[in-house]
Amino acid sequence: MPMKRFDGYRSFQYLRQEADYRFYPLAERSDPGKACEETLTEPERRRYEALMSGHPILSLRDHGFTMPKHSEDILAYCRQGYTAFDYEGLALSRLDGLFENFMDGVMNVTSKAGLKWDDVLWNLGIRYCDMAHQDTVRIASSVNDILSAKATGQIAIIPSLEAATALENEIERVDILYGFGIRCMGITYNDANTLGSGLSETHDGGLTRFGRRVVERMNRLRMAIDISHCGDRTSMEVIEASEQPVLITHAGARALWNTPRMKPDEILLACKERGGLIGILAAPNTTMTRNHPHHCLESVMEHFEYVANLVGIDHVAFGPDTFFGDHTALQRAVDNQLSIGASHSGEHFTEADYVRGAENPVEAVPNMIRWLIRHGYTDSDIAKAAGGNILRVLRQLWD
């Protein structure tokens, strides 16, 4: 399989294991029993290769993060702050760029609750230090950076934050985060913060006065706004308050799966009407459907087709939100601090150990593209969903 540039670097190899940080055995990149590649005919395979090489392939949310091998190590592994990034795995994914929040919600170096200011800055500093020693990924802050990464065989990392919780009530922290390279930030995670209500709250109070100030500041800075984890009223009020298009980087359609984690039609349509973009999620136990209650690529792509038919192919993209290792185990480990279970409530289902066909970045976006080829989508429409739409919106947001 062709891959991006990879120089053999492994996370933190410039440090001494145990002396400088505690090493935890890492998960295998992929369990052979779980790996699943969409099968293409020879003509379809040629189309796939032409698309992958000739067009920007981007994800609105994915991760290079690698889980520890043993689930009992998860919290301690995250708490120390030295979490491994799988550069070779990202190279194998053939992504040209991804919005990456560096798993900031689980980096609990100083806090047990997550998303705190000190932890956010710690996480960014450690990650950037690690990245400075390799040549596979590069930090991107412009469309030209993304296009240059593709041209040189690298992967553009667009630094993001899952939520603006770390701002507390300090508006200047938006500027500081921009200075640290953050180019996209969620308004809330599942729980409420000083900006608005997350999707797990029983009462959605909407966008606060401080939240409106943050939206205005992000517009001035040209930082992308993400409402993936906001409650419905807060989501709508962010869309209405923003002068720039708003992103839903990783979600699905509530019409297909009635949980808070999915977005209702009116929000999907409002996002589209203001020029925004919806990335289709594939994290375990999220984008299931009644036709496919066992989470798999088919259920993910049912959400893709529903959203594309609702808002048009120009406003849909991929945002699988995958990483390397056991995603479901991480959900269980951080459920209390991040209200994961509450975000999945409302439907009865059997918990998925993994998403067949979208287990990690090596599979997810490539298989979504293969699926679109197999189901008769034109090259033009596939190129839009696979990255063209993201570049169009980023030009409007950033340039």
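If you're wondering where the values come from, they're calculated on a predicted model, not measured in any experiment. Every chain's residues receive numbers from 1 upward, in the order its sequence appears when written. Local features in this predicted model are restricted to residues of pLDDT 70 or higher, and side-chain atom pairs are both shown and tallied only at a pLDDT of 80 or more, whereas totals for entire chains, interfaces and linings draw on every residue. Excluded from the side-chain calculations are hydrogens and water; all other atoms, namely the structure's heavy atoms, are used.

(A) Region of the structure containing the nonpolar core. In terms of nonpolar packing, the biggest core is built from 80 residues, with M185, I187, I227, F304 and I369 touching the most fellow members. Sequence-distant contacts of M185, defined by excluding residues within four places in its chain, comprise L161, A163, A164, L167, V174, L177, V214, M218, M223, A224, I225 and D226. If you look at the next biggest cluster of nonpolar residues, it comprises 20 residues, including L58, F99, A149 and W398. Definition used in this section: a nonpolar core is a set of buried Ala, Val, Leu, Ile, Met, Phe, Trp, Tyr and Cys residues joined via side-chain atoms within 4.5 Å. For the exposure calls, accessible area comes from a 1.4 Å probe over protein chains only, and a residue counts as buried if that area is under 20% of its type's maximum, exposed if over 50%, partly exposed in between. Should any heavy atoms of two residues lie within 4.5 Å, those residues are considered in contact.

(B) Fine view of the pairing of strand β7 (residues 247–251). Burial within β7 is extensive, with five of its five residues counted as buried. At least two DSSP bridges between two strands are required for those strands to pair. Numbering of helices and strands runs from the N terminus; a helix is a DSSP stretch of H or I covering at least four residues, while a strand is a stretch of E covering at least two. By the bridge criterion, three bridges tie β7 to strand β8 (residues 277–280) in an arrangement that is parallel. Its bridge partner being in β8, I248 is matched across the sheet by I278. Looking down the strands as they point away from the viewer, one classifies a crossover as right-handed if the path from the first strand across the helix to the second runs clockwise. Crossover connection from β7 via helix α9 (residues 265–273) to parallel β8: handedness right-handed.

(C) The packing of helix α7 (residues 209–221) against helix α8 (residues 232–241), seen in detail. For the pair α7 and α8, the least separation of the axes is 10 Å and the interaxial angle reads 45°. One finds that α7 runs oblique with respect to α8. The element α7 and its partner α8 pack so that their crossing is right-handed. Residues R212, V215 and N219 of α7 pack against E237, V238 and A241 of α8. Helix axes are fitted only over the stretch in contact, all axes being lines through C-alpha atoms; the angle between N-to-C directions runs from 0 to 180 degrees. Any angle that is under 35 degrees is reported as roughly parallel, and any over 145 degrees as roughly antiparallel; angles of 65 to 115 degrees are reported as roughly perpendicular and all others as oblique. In a left-handed crossing the near helix is turned counterclockwise from the far helix by less than a right angle, and in a right-handed crossing that turn is clockwise.

(D) Representation of the state of the cysteines within the structure. Two cysteine sulfurs form what is called a disulfide whenever their separation falls within 2.5 Å. Summed over all chains, the structure comprises zero disulfides. The closest cysteine sulfur to the non-disulfide-bonded C36 is located on C296, 9.2 Å from its own sulfur. Residue classification places C36 among the buried positions, given a relative accessible area of 18%. No disulfide involves C271; its nearest neighbouring cysteine sulfur is the one of C230, lying 12 Å away. For C271, a relative accessible area of 1% translates into the label buried.

(E) A look at the packing of helix α5 (residues 143–151) against helix α15 (residues 379–398). Two elements in contact, α5 and α15, have axes separated by 9 Å at closest approach and are oriented at 140°. In contact with V143, I146 and L147 of α5, α15 contributes L391, L394, R395 and W398. Among the residues forming the contact of α5 with α15, the class breakdown is six nonpolar, no polar and one charged. Residue type decides the class: Asp, Glu, Lys and Arg count as charged, Ala, Val, Leu, Ile, Met, Phe, Trp, Tyr, Cys and Pro as nonpolar, and the leftover types, Gly among them, as polar.

(F) Local environment of the side chain of E347. Mapping E347 onto the fold places it in the loop between α13 (340–343) and α14 (364–374). In this structure the side chain of E347 is engaged in a polar contact, spanning 2.9 Å, whose partner is the backbone nitrogen of N258. Under this definition, polar contacts are N or O atom pairs within 3.5 Å; protein pairs additionally need one hydrogen-donor-capable and one acceptor-capable atom, and for neighbouring residues in sequence, both atoms have to be side-chain atoms. Here R290 takes part through its side chain, which lies 2.6 Å from a polar atom of the side chain of E347. Every residue in contact with E347, bar those within four places of it in the chain, is listed here: W257, N258, T259 and R290.

(G) Representation of helix α1 (residues 42–54) in the model. In this model, α1 (13 residues) spans 18 Å end to end at C-alpha, consistent with the 18 Å of a helix rising 1.5 Å per residue. Those residues of α1 lying buried are E44, Y48, L51 and M52. For α1, the angular spread of buried residues about the axis comes to 95°, placing them on one side. In this structure, α1 carries S53 and G54 as exposed residues pointing more than 90 degrees from its buried face. Packed against the buried residues of α1 are α3 (87–93), α5, α14 and α15. To estimate the expected span of a helix, count its residues, drop one, and scale the result by 1.5 Å. Directions pointing from the helix axis toward each C-beta atom define the arc.

(H) Local environment of the packing of aromatic side chains. Working definition: a ring pair exists when centres of Phe, Tyr or Trp rings (six-membered ring for Trp) sit within 6.5 Å. Plane angles under 30 degrees give stacked, over 60 give edge-to-face, the rest tilted. Under the defined criterion, the tally for this structure stands at 14 aromatic pairs. Arranged with centres 5.2 Å apart and planes meeting at 75°, the rings of F12 and Y82 form a pair that is edge-to-face. Here Y82 lies in the loop between α2 (74–80) and α3 and F12 lies in the segment before α1, a separation of 70 residues in the sequence. Residue classification places F12 among the buried residues on the basis of a relative accessible area of 2%. Among the aromatic residues, those joined into a cluster by ring pairs are Y9, F85, Y87, F102 and Y128.

(I) Expanded view of the pairing of strand β4 (residues 155–161). Buried residues dominate β4, accounting for seven of its seven residues. Because side chains alternate across β4, one face comprises the buried residues I155, I157, P159 and L161, and the other comprises A156, I158 and S160, equally buried. Of the strand pairs in this sheet, strand β2 (residues 97–100) and β4 are connected by four bridges, and their pairing is parallel. Within the sheet, the bridge partner assigned to F99 lies in β4 and is I158.

(J) The arrangement of unusual backbone geometry in detail. Although it is not a glycine, N285 adopts a positive phi angle of roughly 70°. Topologically, N285 is positioned in the loop between β8 and α10 (297–311). A positive phi angle, near 55°, is found at S339, a position not held by glycine. Within the secondary structure, S339 is located in the loop between α12 (335–338) and α13.

(K) Quick peek at the pattern of salt bridges. We define a salt bridge as a contact between a side-chain nitrogen of Lys or Arg and a carboxyl oxygen of Asp or Glu at a distance within 4 Å. A full pass over the atoms with the stated rule returns 29 salt bridges. The partner of R46 in a salt bridge is E42, and the shortest N-O contact between them spans 3.6 Å. Linking R46 with E42, this pair stays in helix α1, spanning four residues, or about one helical turn. What makes R46 partly exposed here is its relative accessible area of 47%. Taking the shortest distance from any N to any O, the salt bridge between D353 and R332 comes out at 3.9 Å. With a gap of 21 residues between them, D353 in the loop between α13 and α14 and R332 in helix α11 (residues 327–333) connect regions that are remote in the sequence. Taking the relative accessible area as the measure of exposure, R332 reaches 47% and is therefore partly exposed. Through salt bridges with shared partners, a single network forms among R10, R29, D86 and E88.

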